[in-house]
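# Residue-level structural notes
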Amino acid sequence: MTTQPLECGRTPDYLLELVADEAVDGPARAAVHADRADLAHLAGCRYCGAEAARLRVDWARVHAAARAPVDVPVALVSRTLATLGAIRGDPATGHVEIQQTGGTLWVRDRVVVVLARELARDLLGELRRRWGLPDGTCRVLAVTGEPHELTVQVALPYGGPLREFAEHLRVRLAGALQVQLGTAAPDVSIEITDVTHVTGQ
Ligand SMILES: [Zn+2]
């Protein structure tokens, strides 16, 4: 890290190191590890003293931020649990059957869910680019439900034609699953669970 020298001519890098050590080991241990000449200079230099004080305040802010409790969005927990539930699948059967010429193809429930999620992500990304929307404005949040009847939860951009976006995705996804799974393809519903904001436009 390169920083501008202070008015005394020293660069504040050594202070940053010292203050970081203080934060981790406490001031006493940090002073033991520090360079003698640095400490002697710091003791007599008001520029370095002021810079060290500023850095200590910054560190205190970082610590306060790290300790602050983070509110988990209400829907996040239920969404995560629902996805896990869907991926676990139905323990009684655990698979869908695809009748083919010459035999049966079995696809595990969780594969159907994962497949739907990956396809939904790809297709939504494709639609987003076609609609000329910035990265991150169209997102698949979760895939829930039974392997025969999946719900894809999405976040779509505020102010856009939400119903049209969702319907495009539903039709494309149902088609893609049909190609992959044939008669075993699940019914697909789209649930708009969140809206995103298009910035910089
Ligand atoms: Zn100094």
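These notes cover the structure that comes with them. Predicted model, so just to flag it, every value in this text is computed and none were measured. Position labels on residues start from 1 in each chain and follow its written sequence. pLDDT decides what is reported in this predicted model: residues at 70 or higher carry local features, side-chain atom pairs at 80 or more are listed and counted, and totals for whole chains, interfaces and linings draw on all residues regardless.

Let us now look at the overall build of the protein. Comment: elements are numbered from the N terminus, with helices defined as DSSP H or I runs of at least four residues and strands as E runs of at least two. The helix and strand tally for the protein stands at seven helices and five strands. Each helix (α) and strand (β) of the protein, taken in turn from the N terminus, gives the series α-α-α-α-α-β-β-α-β-β-α-β. A pair of residues counts as a contact when their C-beta atoms, built from backbone coordinates, are within 7 Å of each other. Residue pairs at least 24 apart in sequence account for 61% of intrachain contacts in the protein once pairs closer than 6 positions are excluded.

Following the sequence through the fold, Val 154 ends up in strand S4 (residues 149-157). On the basis of neighbour count, Val 154 is assigned to the buried category, with 26 C-beta atoms found within 10 Å. A C-alpha to C-alpha distance of 8.9 Å links Val 154 and Val 143, two positions eleven residues apart in sequence. Ignoring sequence-local partners within four residues, the contact set of Val 154 consists of Leu 124, Arg 139, Val 140, Leu 141, Leu 169, Ile 190, Ile 192 and Thr 193. Field definition: a residue is buried when 20 or more other C-beta atoms are found within 10 Å of its C-beta, exposed when 12 or fewer are, and partly exposed for counts in between, with C-beta atoms placed from the backbone.

This paragraph deals with the nonpolar core. Of all hydrophobic cores here, the largest spans 24 residues; its most connected members are Ala 116, Ala 120, Val 152, Leu 169 and Leu 173. Within the residue set of this core, elements represented by two or more residues are helix H6 (109-130), strand S3 (139-146), S4, helix H7 (162-181) and strand S5 (187-196). When residues in this core are grouped by element, the largest group, eight residues, is from H6. Contact partners of Ala 116, with chain neighbours within four places excluded, come to Val 143, Leu 150, Val 152, Leu 177 and Pro 186. The term nonpolar core refers to a set of buried Ala, Val, Leu, Ile, Met, Phe, Trp, Tyr and Cys residues connected through C-beta atoms within 7 Å.

Time to look at the sheet that holds S5. By definition, two strands form a pair when at least two bridges between them are found by DSSP. Pairing is mixed in the open sheet, where three strands are placed in the order S3-S4-S5. Pairing within the sheet leaves two strands with one partner each, and these edge strands are S3 and S5. On average, each strand axis in the sheet is inclined to that of its neighbour by 20 degrees, with strand direction left out of account. Looking at chain direction, S3 and S4 are connected through seven bridges and run antiparallel. When the bridges of S4 are listed, Glu 146 appears paired with Glu 149. Against the sheet, H6 touches S3 and S4, its axis set at about 150 degrees to S3. Inter-axis angles, ranging from 0 to 180 degrees, are taken between N-to-C directions of lines fitted to C-alpha atoms, where helices are fitted over the stretch in contact. Together, S4 and S5 form the strand contacts of H7, whose direction differs from that of S5 by roughly 145 degrees.

Here H6 crosses H7 at 135 degrees, and the two axes come no closer than 9 Å. When the axis of H6 is compared with that of H7, the two are oblique. H6 and H7 meet at a crossing whose hand is right-handed. Only His 168, Leu 169, Arg 172, Leu 173, Ala 176, Leu 177, Gln 180 and Leu 181 of H7 make contact with H6, whose side of the interface consists of Val 112, Leu 115, Ala 116, Leu 119, Ala 120, Leu 123, Leu 124 and Leu 127. In what follows, roughly perpendicular refers to angles from 65 to 115 degrees, roughly parallel to angles under 35, roughly antiparallel to angles over 145, and oblique to any angle outside these ranges. Here a crossing is taken to be left-handed if its near helix is turned anticlockwise relative to the far helix by less than a right angle, and right-handed if that turn runs clockwise.

This part covers helix H1 (residues 13-25). One less than the residue count of a helix, multiplied by 1.5 Å, gives the span that helix is expected to have. Between its first and last C-alpha, H1 extends 18 Å over 13 residues, near the 18 Å set by a 1.5 Å rise per residue. Those residues of H1 not exposed but buried are Leu 15, Leu 18 and Val 19. Across the axial projection of H1, the buried residues extend over an arc of 95 degrees, all falling on one side. Counted as exposed and oriented over 90 degrees from the buried face of H1: Asp 13 and Val 24. The arc in question is formed by the directions pointing from the helix axis toward the C-beta atoms.

We now examine the pairing of S4. Here S4 lies mainly inside the structure; seven of its nine residues are buried. Count of turn residues in the S3/S4 antiparallel hairpin: two residues. Pairing geometry for S4 and S5, over nine bridges, is parallel. Paired with Glu 149 across the strands is Asp 187, a residue of S5. The handedness of a crossover follows from its direction of travel: if, with the strands pointing away from the viewer, the path from the first strand over the helix to the second runs clockwise, the crossover is right-handed. On the question of chirality, the crossover connecting S4 to the parallel S5 by way of H7 is right-handed.

Once that is clear, we can look at the environment of His 197. In this fold, His 197 is placed in the segment after S5. With 9 C-beta atoms packed within 10 Å, His 197 lands in the exposed category. Placed 41 residues apart in sequence, His 197 and Leu 156 show a C-alpha to C-alpha distance of 8.5 Å.

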